[in-house]
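# Reading the structure
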Amino acid sequence: VGYDPETKCVSSAEAAAAGSASGLVTRVFISPLDVIKIRFQLQIEQLSSRNPGAKYHGILQAVQCIFQEEGLGAFWKGHVPAQFLSVGYGAVQFMAFESLTKLVHNVTSYNARDSFVHFVCGGLAACTATVAVQPVDTLRTRFAAQGEPKIYRNLRHAVVTMYQMEGPQTFYRGLTPTIIAIFPYAGLQFSSYNILQQFSEWAIPAEGKKGGNIKNLVCGSCAGIISKTLTYPFDLIKKRLQVGGFEHARAAFGQVRIYRGLLDCIRQIMREEGPSGFFKGLSPSLLKAAVSTGLVFFWYELFCSLLCALKNTDSTTKKEG
């Protein structure tokens, strides 16, 4: 992950391909956790069985409730826009990250493998990817948030309805807190992953370094937990803002609120739900962050290795020919 002047194996286009493939595979596994996390984030009532008005109390109870009321397919609600999100985000993020770390190596005196460089380049790459896929993220959130009966029949119906009823700006709801949160979140992801990889190289003896793929998975999971915990409130605020104008579809889930913007959303959450309100859904979110970040880095490294192996095989064949 990141430009390595010693190998120079993966081009920007190949990084985009590996990033999109890793996003696609990872999304299939994490979609149920994402749906539960979004439901928790949007619930105004306290996540507790002691609150009679709360629809969801915990992860297992939410799984049972969603399954009984909406069926197994509900855990993959919004999966099509979510896949567009994952594929597009992964491609832009990793292509930008590889390009930025290469630029740092070529035009500055900084080491492209330095953790600080990975923090800055990771944050900038994520901001670029976020702006590119924010409309799809809003669609994904709307689909995951709606209950039965459905407001949106399919992706096309959702796009047309939202555009006609709320205007084009609705596809960028929540962009401000997303940009504010994504820079440190992604920066911490990439820098933590880099630090953990360096630590594992130091801590694990040479004879124990065969399981590189498992090491990538573990380092990625730990990096995901660290970054998500430190930046979680902004993710919750983003989700609240993204369902603005969609309150009628949330009535079956409990109370709804209308937020006039980022600061108004923060004030209302603090006043009505307290500081803990900013961390609703943290448990499934951390579980999702550990699984998704671990898998994204795992698959990305694996696909890059496969691409490098194919290139080396082709070059060897040409030499022999």
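Residues numbered from 1 in each chain as written. Predicted model: local features only at pLDDT ≥ 70, side-chain atom pairs only at ≥ 80, totals over all residues. Heavy atoms only, no water.

## Quick notes on empty space enclosed by the protein
Rules: Put simply, the grid is 1 Å and covers the protein atoms alone, a cavity is a trapped set of points that fit a 1.4 Å probe, a pocket is an open set with protein on both sides within 12 Å along at least five of seven lines, and lining residues have an atom within 4 Å of a point. Grid points are joined across faces, edges and corners, and a volume is the space filled by probe spheres set on the points. Strands are runs of DSSP state E lasting at least 2 residues, helices are runs of H or I lasting at least 4, and numbering of each runs from the N terminus.
Evaluation of the coordinates by the stated rule reveals three cavities of 30 Å³ or more. Within this model, the largest cavity holds a volume of roughly 750 Å³. If you list the elements that add at least two residues to the lining of the largest cavity, you get helix H1 (12-42), helix H3 (79-107), helix H4 (115-145), helix H6 (175-203), helix H7 (212-242) and helix H9 (282-320).

## Quick notes on the nonpolar core
Rules: To qualify as a nonpolar core, a set must consist of buried Ala, Val, Leu, Ile, Met, Phe, Trp, Tyr and Cys residues joined through side-chain atoms within 4.5 Å. Burial classes: relative accessible area under 20% of the type maximum marks a residue as buried, over 50% as exposed, and values in between as partly exposed (1.4 Å probe, protein chains only). Any two residues having at least one pair of non-hydrogen atoms within 4.5 Å are treated as being in contact.
Counting residues in each nonpolar core, the largest one holds 17 residues, and the members touching the most others are Val1, Phe94, Phe97, Phe190, Tyr193, Phe297 and Tyr300. Secondary structure elements with two or more residues in this core: H1, H3, H4, H6, H7 and H9. In terms of residue count, the dominant contributor to this core is H3 (four residues). For Val1, the contacting residues outside a window of four places in its chain are Phe94, Phe97, Glu98, Arg113, His118, Phe190, Tyr193, Phe297, Tyr300 and Glu301. Ranked by size, the runner-up nonpolar core spans 10 residues in total, among them Leu236, Ile237, Tyr259 and Ile269.

## Topic: the domain arrangement of the protein chain
Spelled out, the test is: An automatic or database domain assignment supplies the residue ranges for each domain. By definition, a salt bridge exists where a carboxyl oxygen of Asp or Glu is found within 4 Å of a side-chain nitrogen of Lys or Arg. Any pair of N or O atoms that falls within 3.5 Å is considered a polar contact. Within protein, one atom must be able to donate a hydrogen and the other to accept it, and sequence-neighbouring residues count only if both atoms are side-chain atoms. Here the nonpolar group is Ala, Val, Leu, Ile, Met, Phe, Trp, Tyr, Cys and Pro; Asp, Glu, Lys and Arg are the charged ones; every other residue, Gly included, is treated as polar.
Each domain of the protein chain was delimited in the assignment, giving domain 1 (1-74 + 281-316), domain 2 (77-172) and domain 3 (175-279). Every contact between the two is made by 25 residues of domain 1 and, on the other side, 31 residues of domain 3. There are one salt bridge connecting domain 1 and domain 3. Two residues, Lys37 and Asp235, come together in a salt bridge whose shortest N-O distance is 3.1 Å. Taken together, domain 1 and domain 3 are joined by nine residue pairs in polar contact (both at pLDDT 80 or more). Every element with two or more residues in the side of domain 1 that touches domain 3 is listed here: H1 and H9. With 12 residues, the single largest contributor to the side of domain 1 that touches domain 3 is H9. Residue classes in the side of domain 1 that touches domain 3 are distributed as 13 nonpolar, six polar and six charged.

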